Amino acid sequence: MTISVQGVIARGKGEPVELTTILVPEPGPGEALVTVQACGVCHTDLHYQQGGIGEDFPYLLGHEAAGVVDAVGPDVTEVAPGDFVILNWRAVCGRCRACSRGRPWYCFNTHNATQKMTLEDGTVLSPALGIGAFVEKTLVAAGQCTKVNPAIPAATAGLLGCGVMAGIGAAINTGGVTRGDSVAVIGCGGVGDGAIAGAYLAGAHTIIAVDVDDRKLDWARGFGATHVINSRNADPVAGIQELTGGFGADVVIEALGRPETYKQAFYARDLAGTVVLVGVPTLKSSWYGDCLPSRDFPMLVDLHLAGRLPLDKFVSETIGLGDVEEAFAKMGRGEVLRSVVTL
């Protein structure tokens, strides 16, 4: 038996996204059916639409999501119907060389749902990052569901499913930021501001935000940046060195993914400092913030509910499923930190 729902797909490279009917199977062994309550509009979804990640069109977009478990398949013990969960795209296997060495956040054999969601004509959909959450209900591997405190609004919780977690984890898990450190973050979008929030949470003394957009630098101050540098008007390396006694920052986090900013990050660090490149397998890379969802998601939700982590500030607007294309345009113009689809 399948369930008919509405969802947003990218049918072909560069084509406008489309709201259409999606057929979702009932969960099989190891799977969970989740009613999506909110899903952030992330740059990764735009990259899928533009063909920058793969050619397996059509894609069911959306991955930064939270919702409630509707049903689970046989042998599922991690979650149960009624659980409020954040979806993650790193469901670890527990058996690969990374997991067996006690480093499950580097798992080399993460998995997704076995069954496929389709269009009404039977066309198989490729879910973005193995999730596909711009849809009323989605089918995922049960290990992609992390149960958290339901007191947090879904529009806020879902952001931990990707960009904000990648940033916070880059600072705390990968960069090892601790009390008294100086930290520079290059690129102040969702991931970069997540890194700033993580550095602030960890007790960094000096937090320097670098971007070319004054609006984004203002947002960065709201997450804990103590200093800002507009690199369109000033040399960021010299600026970071000046703000750190001439030495450079203890931790520099590069959150843009450009060769020129990699170079800036390298030269802006202290001689004994750490450079973290978000999502890049060179120097000290940070893959999904080196997070373990079962460990990190509940902790960060509790910190938000305690008033110590302002996750709600990442939400610029809430929109409907039919507004994703315009949200991509706003993101491209730098007008929003996160648009969040609510269902």
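Rules and cut-offs
- Residues numbered from 1 in each chain as written.
- Predicted model: local features only at pLDDT ≥ 70, side-chain atom pairs only at ≥ 80, totals over all residues.
- Heavy atoms only, no water.
- Helix = DSSP H or I, 4+ residues; strand = E, 2+ residues; numbered from the N terminus.
- Buried < 20%, exposed > 50% of the residue type's maximum accessible area, 1.4 Å probe, protein only.
- Contact = heavy atoms within 4.5 Å.
- Areas by Shrake-Rupley, 256 points an atom, 1.4 Å probe, with all protein chains shown as cover.
- Arc of directions from axis to C-beta.
- Polar contact = N/O pair within 3.5 Å; in protein donor to acceptor, adjacent residues only side chain to side chain.
- Pairing = 2+ DSSP bridges.
- Lys, Arg positive; Asp, Glu negative; His and termini not counted.
- Salt bridge = Lys/Arg side-chain N within 4 Å of Asp/Glu carboxyl O.
- Phe/Tyr/Trp six-rings, centres within 6.5 Å; stacked < 30°, edge-to-face > 60°.
- Lys NZ or Arg CZ within 6 Å of the ring centre and 35° of its normal.
- Axes fitted to C-alpha atoms, helices over the stretch in contact; angles between N-to-C directions.
- Parallel < 35°, antiparallel > 145°, perpendicular 65-115°, else oblique.
- Nonpolar A, V, L, I, M, F, W, Y, C, P; charged D, E, K, R; others polar.

## Side note on the overall build of the chain
- Helices and strands together make up the secondary structure of the chain, namely ten helices and 18 strands.
- Considered along the principal axes of its C-alpha atoms, the chain spans approximately 65 × 40 × 35 Å.
- Burial analysis of the chain (343 residues in total) assigns 55% to the buried set.
- A separation threshold of at least 6 residues defines the contact pool for the chain, and within that pool the share at least 24 residues apart is 66%.
- A total accessible area of about 13900 Å² is found for the chain, and carbon and sulfur atoms account for 50% of it.

## Observations concerning helix α7 (residues 236-243)
- Along α7, the residues that are buried comprise P236, V237, G239 and I240. All buried residues of α7 project into a common sector of 165° when viewed along the axis, lining one side.
- Residues of α7 that are buried in the fold lie against β11 (182-186), β12 (206-211), β13 (227-230), β14 (249-254) and α8 (259-268).
- Sitting at the head of α7, D235 places a side-chain oxygen 3.0 Å from the backbone nitrogen of V237.
- Looking at the residues trailing α7, positive phi occurs at G245, about 70°.

## Let's talk about the pairing of strand β9 (residues 137-141)
- Counting buried positions along β9 gives four out of five residues, so the element sits mostly inside the fold.
- Relative to β9, strand β3 (residues 31-40) runs antiparallel, the two sharing five bridges. In the sheet register, L33 faces β9, and the bridge partner there is L139.

## Comments concerning unusual backbone geometry
- Of the consecutive residues F57 and P58, the connecting peptide bond is found in the cis state with omega at 0°.
- Phi at L129 is positive, roughly 50°, even though this residue is not glycine.
- With respect to the secondary-structure elements, L129 resides in the loop between β8 (126-127) and β9.
- On the basis of relative accessible area, L129 is assigned to the partly exposed category, the value being 21%.

## A word on the side chain of E31
- Topologically, E31 is positioned in strand β3.
- No salt bridge is formed by the buried E31; its nearest oppositely charged neighbour, K116, is found at 8.5 Å.
- Among the polar contacts made by the side chain of E31, one reaches the main-chain amide nitrogen of G28 at a distance of 2.7 Å.
- For E31, the side chain forms a polar contact with the main-chain nitrogen of T114, separated by 2.7 Å.
- For E31, the contacting residues outside a window of four places in its chain are E26, V72, G73, V76, A113, T114, Q115, L139, V140, A141 and A142.

## Considerations on the packing of aromatic side chains
- The tally for this structure, following the rule as stated, stands at five aromatic pairs.
- When the centroid spacing of 4.7 Å and the interplanar angle of 55° are considered together, the rings of Y48 and Y59 count as tilted. Residue Y48 is located in helix α1 (residues 43-50), and its partner Y59 is located in strand β4 (residues 59-60); the two are separated by eleven residues in the primary sequence.
- Of the residues examined, Y59 reaches a relative accessible area of 4% and is grouped as buried.
- Taken together, the ring pairs connect Y48, F57 and Y59 into an aromatic cluster.
- Over the ring of F108 we find R97, and its NZ or CZ is 3.8 Å from the ring centre.

## Notes on the packing of helix α4 (residues 163-174) against helix α9 (residues 293-305)
- Packing of α4 against α9 brings their axes to within 12 Å, and their N-to-C directions diverge by 100°. Classified by the angle their axes make, α4 and α9 are roughly perpendicular. Touching M165, I168 and N173 of α4 are R295, D296, F297 and L300, all from α9.
- The residue inventory of the contact of α4 with α9, partitioned by class, reads four nonpolar, one polar and two charged.

## Considerations on the sheet that holds strand β7 (residues 118-119)
- If you walk across this open sheet you meet the five strands as β7-β2-β1-β4-β8, and the pairing is mixed. Each end of this open sheet is capped by a strand with a single partner; those strands are β7 and β8.

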